[in-house]
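Tertiary structure, described
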Amino acid sequence: MFLFSKLFWIVAQPLSLAFLAGLVGTVCTAVRRPRLALVFLGAALTVLFVTLYTSAGTVALQRLEAHVPRPEQDPAQVGCMVVLGGAFETEVTTVRGGTDLNQAADRFVETLRLALKFPQSRILVSGGDGSFSDTYEGDAVAARRFFSRFGISESRLVSETSSRTTFENVANSSQLLADPALQQCLLITSAFHMPRALALFRKAGIELTPWPTDYRTSGRATLRLDFTQPTLNAQQTATAMREWIGLFAYYLSGRTASVLP
């Protein structure tokens, strides 16, 4: 399933779809099928236009971010925090040994803030090597260096180092959460990713308090033309599309009880 999902996403992401449609359209032109060529070339241009020059991706991502609201105040007490990986540039950290973070960095920044505020809390980091090559350290490994640099004792950390997907994050973390010492847990992940992660934990019969972070939208986006930031629009569209596909795929395969929890 891991390999299939990786290969599927290479093809299914918006810019890949546009390229493939354009390629098929070009072939149809070469074999003198003008009507079919027009359909595929038109589809390619439409996908490119929507992806690059509209706020459709941002609106779709915003819908996910709004589904699980974040509490307005910090909890009175925190027993543990479950933070899902995906925030470290593991291809870099594996070689350089640093703590280089990517756009999802706020997952670990927020965990660090709460860890300093609640010094009795434990931290469960779930994240292995999600690459094809399986040659990189996962987030759970890099996280130990990250937290140690801010004075967080390694005795507070619980590492889950083998998961490669969100489903594996939940399946492997669920076994560790059977420990009575890991109670009153927050679930920390990106706001757009929270619905899928929360749905999986609930399907597994584990109740965690959702603590979304790493917001990518203002919460006020509307559908409109946007010619000012095509690179960002493409990134937002790809992120939203991947997450919505994941939500439906998990529901249709029986891994979650509903598309949105």
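Residues numbered from 1 in each chain as written. Predicted model: local features only at pLDDT ≥ 70, side-chain atom pairs only at ≥ 80, totals over all residues. Heavy atoms only, no water.

Some thoughts on the packing of helix α9 (residues 194-203) against helix α10 (residues 230-252)
To keep things clear, this is the line we draw: Axis lines are fitted to C-alpha atoms, over the contacting stretch for helices. Their N-to-C directions set the angle, which ranges from 0 to 180 degrees. Runs of E in the DSSP output that reach at least two residues are strands. Runs of H or I that reach at least four are helices, and both are numbered from the N terminus. When describing relative orientation, an angle under 35 degrees is termed roughly parallel and one over 145 degrees roughly antiparallel, while 65 to 115 degrees is termed roughly perpendicular and anything else oblique. Note on convention: near helix rotated counterclockwise from far helix by under a right angle means a left-handed crossing. Clockwise means right-handed. We call two residues contacting when some pair of their heavy atoms lies within 4.5 Å. Throughout, the ten residues Ala, Val, Leu, Ile, Met, Phe, Trp, Tyr, Cys and Pro are labelled nonpolar, Asp, Glu, Lys and Arg are labelled charged, and all others, Gly among them, are labelled polar.
At a minimum axis distance of 9 Å, the contact between α9 and α10 shows a crossing angle of 20 degrees. Between α9 and α10, the angle is such that the two are roughly parallel. Here α9 and α10 pass one another in a crossing that is left-handed. Facing α9, whose interface residues are Pro 195, Arg 196 and Leu 200, α10 presents Glu 243, Gly 246, Leu 247 and Tyr 250. Looking at the contact of α9 with α10, its residues break down into 4 nonpolar, 1 polar and 2 charged.

Here's the deal with the packing of aromatic side chains
Selection rule: When the centres of two rings from Phe, Tyr and Trp lie within 6.5 Å, Trp using its six-membered ring, the rings pair. Their planes under 30 degrees apart give stacked, over 60 give edge-to-face, and anything left gives tilted. Only protein chains enter the accessibility calculation, which uses a 1.4 Å probe. A residue is then buried if its area is under 20% of the maximum for its type, exposed if over 50%, and partly exposed in between. Each ring is checked for a lysine NZ or an arginine CZ that lies within 6 Å of its centre and within 35 degrees of its normal; such an atom marks a charge sitting over the ring.
Counting across every chain of the model gives 12 aromatic pairs. Look at Phe 167 and Tyr 250: their rings are 6.4 Å apart centre to centre, the planes differ by 75 degrees, and that puts the pair in the edge-to-face class. Taken together, the positions of Phe 167 in helix α8 (residues 166-176) and Tyr 250 in helix α10 put the pair 83 residues apart, joining distant regions of the chain. For Tyr 250, a relative accessible area of 10% gives the class buried. Feature note: the residues Phe 88, Phe 108, Phe 146, Phe 147 and Phe 150 constitute an aromatic cluster, connected by ring pairs. One residue, Arg 196, lies across the ring of Tyr 250, its end atom 5.2 Å from the ring centre.

Looking at the nonpolar core
Our working definition: Nine residue types can take part in a nonpolar core, namely buried Ala, Val, Leu, Ile, Met, Phe, Trp, Tyr and Cys, and a core is a set of them joined through side-chain atoms within 4.5 Å.
Residues Met 81, Phe 108, Ile 123, Val 125 and Phe 147 are the most contacted members of the largest nonpolar core, which totals 23 residues. Breaking this core down by element, the ones donating at least two residues are β1 (80-84), α6 (106-117), β2 (122-126), α7 (139-148) and β4 (185-190). Here this core gets 5 residues from one element, more than from any other, and that element is α7. Contact partners of Val 125, with chain neighbours within four places excluded, come to Val 83, Phe 108, Asp 139, Ala 140, Ala 143, Phe 147, Val 158, Ser 159 and Glu 160.

So, the pairing of strand β5 (residues 209-213)
Put simply, the rule is: Being paired, for any two strands, means DSSP has found at least two bridges between them. Clockwise travel from the first strand over the helix to the second, with the strands pointing away from the viewer, marks a crossover as right-handed.
Burial of β5 is extensive: 4 of the 5 residues sit out of reach of the surface. Pairing of β4 with β5, which is carried by 5 bridges, proceeds in the parallel orientation. Pairing of Ser 190 across the sheet is with Thr 213, part of β5. In terms of handedness, the path from β4 via α9 over to β5 forms a crossover that is right-handed.

A closer look at the environment of Pro 180
Residue position: Pro 180 is located in the loop between α8 and β4. Given the relative accessible area of 67%, Pro 180 is considered exposed.

Examining the layout of surface pockets
Empty space among the atoms becomes visible once a probe the size of a water molecule is rolled across them. What counts is decided by this rule: Using protein atoms alone on a 1 Å grid, points that fit a 1.4 Å probe yet trap it form a cavity, whereas open point sets bounded by protein on both sides within 12 Å along at least five of seven lines form a pocket; residues with an atom within 4 Å of a point count as lining. Grid points are joined across faces, edges and corners, and a volume is the space filled by probe spheres set on the points.
Roughly 1700 Å³ of internal volume is contained in the largest pocket. Those elements that place two or more of their residues in the lining of the largest pocket are α1 (2-12), α5 (90-96), α8 and α10. Among the elements that line the lining of the largest pocket, the one with the most residues is α10, at 9 residues. Looking at the lining of the largest pocket residue by residue, the class counts come to 16 nonpolar, 21 polar and 13 charged.

A closer look at the sheet that holds β1
By way of backbone hydrogen bonds, the strands of a sheet pair with one another, either parallel or antiparallel. Spatially, the 5 strands line up as an open sheet ordered β3-β2-β1-β4-β5, and their pairing is parallel. For this open sheet the edge positions go to β3 (157-160) and β5, each flanked by a neighbour on one side alone. Between one strand and the next, the sheet's axes are offset by a mean angle of 20 degrees, whatever the strand orientation. Here β1 pairs with β2 via 5 bridges, running parallel. Of the residues in β2, the one forming a bridge with Met 81 is Ile 123. Here α6 sits on the sheet in contact with β1, β2, β4 and β5, set at roughly 170 degrees to β1.

A short note on the environment of Val 158
Structurally, the position occupied by Val 158 is in strand β3. Between the C-alpha atom of Val 158 and that of Met 81, which follows or precedes it by 77 residues, the distance is 9.9 Å. Aside from chain neighbours lying at most four places away, what touches Val 158 is Arg 122, Ile 123, Leu 124, Val 125, Leu 176 and Leu 182.

Quick word on α7
Because an α-helix packs 3.6 residues into every turn, residues spaced three or four apart end up facing the same way. To be explicit about the condition: It is the directions from the helix axis to the C-beta atoms that the arc portrays.
Asp 139, Ala 140, Ala 142, Ala 143, Phe 146 and Phe 147 are the residues of α7 that are buried. Considered in projection along α7, the buried side chains sweep an arc of 155 degrees and stay on one side of the axis. Residues of α7 that are buried sit in contact with α5, α6, β2 and β3.

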